[in-house]
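An overview of the molecular structure
So the chains spell out like this:
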Amino acid sequence: MTGPARSPKAAVVFSQRIVQEALDAGLGPGDLLPSEKIMVEKYQIGRGTLREALRLLEFQGVVVMKPGPRGGPVLQEPNGAFLSGAFVLLMQLRNAPLRSIFEARLSIEPVITQLAAANISDERLAEVGATVEQMKSALRSDRRAFLEANKEFHDIIAWSTDNPLLGYLADSLLEVTNGTIVGMDFPQARRKATLAAHESIYTAMSERDAGASMAAMSEHIDDYLSYAEKKFPDIIRSVVRWDRDL
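Now for a quick tour of the structure. Here the structure is a predicted model, which means the values were calculated and not measured. (Residues numbered from 1 in each chain as written. Predicted model: local features only at pLDDT ≥ 70, side-chain atom pairs only at ≥ 80, totals over all residues. Heavy atoms only, no water.)

**Overview of the packing of helix H5 (residues 98-119) against helix H7 (residues 143-159)**
The test is simple: Throughout, an axis means a line fitted to C-alpha atoms (over the contacting stretch in the case of helices), and angles, computed between N-to-C directions, take values from 0 to 180 degrees. Helical segments are the DSSP runs of H or I of at least four residues, strand segments are the runs of E of at least two, and each set is numbered from the N terminus. In a left-handed crossing the near helix is turned counterclockwise from the far helix by less than a right angle, and in a right-handed crossing that turn is clockwise. Throughout, a contact is declared for two residues whenever any of their heavy atoms are within 4.5 Å. Classification convention: Asp, Glu, Lys, Arg as charged; Ala, Val, Leu, Ile, Met, Phe, Trp, Tyr, Cys, Pro as nonpolar; all other residues, Gly among them, as polar.
Remark: H5 packs on H7, axes separated minimally by 8 Å, with the N-to-C direction vectors making an angle of 60°. Crossing of H5 against H7: the hand is left-handed. For the pair formed by H5 and H7, the contact residues are Arg105, Glu109, Ile112, Thr113 and Ala116 on the first element and His154, Ile157 and Ala158 on the second. Taken together, the residues that form the contact of H5 with H7 break down as four nonpolar, two polar and two charged.

**Things to note about the pattern of salt bridges**
Let me state the cut-off plainly: Basic side-chain nitrogens of Lys or Arg form a salt bridge, by our definition, when they fall within 4 Å of a carboxyl oxygen of Asp or Glu. To sort residues, take the accessible area from a 1.4 Å probe on protein chains only and compare it with the maximum for the residue type: under 20% means buried, over 50% means exposed, and anything in between is partly exposed.
Under the criterion given, the structure shown has 17 salt bridges. Across the pair Lys9 and Glu52 runs a salt bridge, and its minimum N-O distance is 2.8 Å. Taken as a pair, Lys9 in the segment before helix H1 (10-24) and Glu52 in helix H3 (residues 47-59) lie far apart in primary sequence, 43 residues in all. The salt bridge involving Arg17 is made with Glu21; its shortest N-O contact spans 2.9 Å. With a gap of four residues between them, Arg17 and Glu21 both fall in helix H1, about one helical turn apart. Exposure remark for Arg17: the relative accessible area of 36% places this residue in the partly exposed category. Classification of Glu21 as partly exposed rests on a relative accessible area of 23%.

What follows is the structure, given as structure tokens:
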């Protein structure tokens, strides 16, 4: 026999209420929330509870605290970083290797690409093509710019499904498997292979061929996983720690 359900912690309840009321008021990223004094009076709660609620929102990337006399909590556009951290924590607790996250990408991202190819707007498709051109320009001269364009390529495709959950999911998985974070090198030969794969995916998407787009993305991720297993077997078998920067 189970005991009575525990009531949600007050700070959690008020953090949820703050978010909902901000959305109801039509507020968005960059907008300043009411001051601490106003919220304490409005919600009839202690300053400690309110500050804990705001810390919860800050931790999840929903607000950032602006300093100064005219400062306070400012709404932000959350990214996949919070979800990435949660994934890594859960994987570490299960002692699961990094390979598991690559396998998740291999299962999910080709389907995302198939959906995107069927739904992507001309504007978004042009953005995908622009990242390919950026990768070409940076191939030999700017490794950082190349990798940033590489991530943007995958992000744009994921968000082009018009499904925010898929966008956040792909973004967070890509963040965890970022070679520069987990310690895998990305030499020029690998960059060339990545560029060629992105060109194939972009071509298939330009032709609105959902099946070919899916197949090209599947081949791309599978090829990268094979490369990582061959060159960095210890990293692929290791568990990514939650205290590693993401």
